[in-house]
Each structure stands twice: as C-alpha cells, then as structure tokens.
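Here's the letter readout for the chains.
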Amino acid sequence: MRHTRLSLAVHFHANAGGGGYFNVGGANPMLLEPLFNAPKLRHTNFVMLHGGWPFTREAGALLTKPNAYVDFSNLTFMNYPRAVAQMLREWLEYAPDKILYGTDAYPFSEEMSWEEAGWVANSTAREALGLALTGMMRDDEITRERAVELARMVLRDNSRKLYGLK
C-alpha cells in the first residue's frame, strides 16, 4: 500500500470555548502531548488554535515539540490587549518562530458580524503584540530591529513557512 504525504498542518481547537456546556479541563493542550510525541507523526505539524486558553502556559510548554505551533486567534477577541500581551511575551521569549497570528473572524451573534469580530480581533492583536514587544525592548531583551523582525514573523513569516506560502 502506498502512502502519500500531503505535508498539511493539522489544526486542533485548543480553547475552552464559550458557554457552560464546555468541558474546560478537556481543552488543556497538554492532552495532545502523546500525539505530538507519536513516532509515526513526528513529521506532521500541529497547530493549537486559539492559544489554549485558559491553558496558555501549557500551550507554550508544548512549543518545545518540534512539530507543535500555536495561533492566538480568539484570544484577541475574548481578552483585553494587556492579557494577550502577557501570553504573547512568554511565547515570544521562548519560541518566536512557532507563533501564528489569526483573527477567528466569525459572526458570534446577530449583534456582531464577522467583519466586526475581525476588526476587534485585529485591533486587539496589534495592540497586544506592540505591548509585548515594547516590554521586551524596555527590559533590554531585544533591540528595535529584533522587535520588527519578531512582529513580521508572527504576523506573516511563520505562517508562510509553516504552510509553504510565498
């Protein structure tokens, strides 16, 4: 039997979700660790969508796996910029090449269209990334040039590399 490799990243919803019917503990990204470690899947890339909230540190810890990535969509819609900045800074200090930007632009209700959700997510994401990078510069962890490089990586280059885009 011939196996054809498609080289596609596998996405997992890694977020507690909204509403009282979600199993918050079941959203812990650490539950994915055996999958990331599976010998037959070592060359398969996995993306933890939505940053693993409320388990963002756990999601960050999984970035030690060579095939694990995280996007921060939905974090930017459900959290304030300073909270998102704190999460981003931890990830940026640890694995900047594995963080992906996303909006999760979705019509969450009849009162909010996908366009509005996308605007909120984009505004929060830009402010949060700016806060995280500015904090790193103020603490003399990175230069301004490195901050610009990290912003480009998160907002564009990391996704291009992972998905093979030009």
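Everything numeric in this text was worked out from a predicted model, so none of it was measured. (Residues numbered from 1 in each chain as written. Predicted model: local features only at pLDDT ≥ 70, side-chain atom pairs only at ≥ 80, totals over all residues. Heavy atoms only, no water.)

S.K.: For this particular structure, what's the right way to read the packing of aromatic side chains?
M.R.: Any two aromatic rings considered together are summarised by their centre-to-centre distance and by the angle between their planes. Within this structure, the stated rule accounts for three aromatic pairs. Aromatic side chains Phe 36 and Phe 46 sit 5.1 Å apart centroid to centroid with 35° between the ring planes, which places their arrangement in the tilted category. Here the residue Phe 36 occupies a position in helix H1 (residues 33–37), and Phe 46 occupies one in strand E2 (residues 46–49), the gap between them amounting to ten residues. A relative accessible area of 3% places Phe 36 in the buried class. Here Phe 72 and Tyr 101 contribute two aromatic rings whose centre-to-centre distance is 5.8 Å and whose plane-to-plane angle is 65°, an arrangement assigned as edge-to-face. A residue pair is termed long-range when its members are at least 10 positions apart, and Phe 72 in the loop between strand E3 (68–71) and helix H3 (75–78) and Tyr 101 in the loop between strand E4 (99–100) and helix H5 (114–138) qualify at 29 residues. (Phe/Tyr/Trp six-rings, centres within 6.5 Å; stacked < 30°, edge-to-face > 60°. Helix = DSSP H or I, 4+ residues; strand = E, 2+ residues; numbered from the N terminus. Buried < 20%, exposed > 50% of the residue type's maximum accessible area, 1.4 Å probe, protein only.)

S.K.: Just checking my understanding: could you explain the environment of Ala 147 for this structure?
M.R.: Relative to the helices and strands, Ala 147 resides in helix H6 (residues 144–163). Residues Ala 147 and Arg 82, 65 residues apart in the sequence, show an inter-C-alpha distance of 17 Å. Apart from the residues lying within four places of it in its own chain, the contact partners of Ala 147 are Leu 133, Met 137 and Ile 142. (Contact = heavy atoms within 4.5 Å.)

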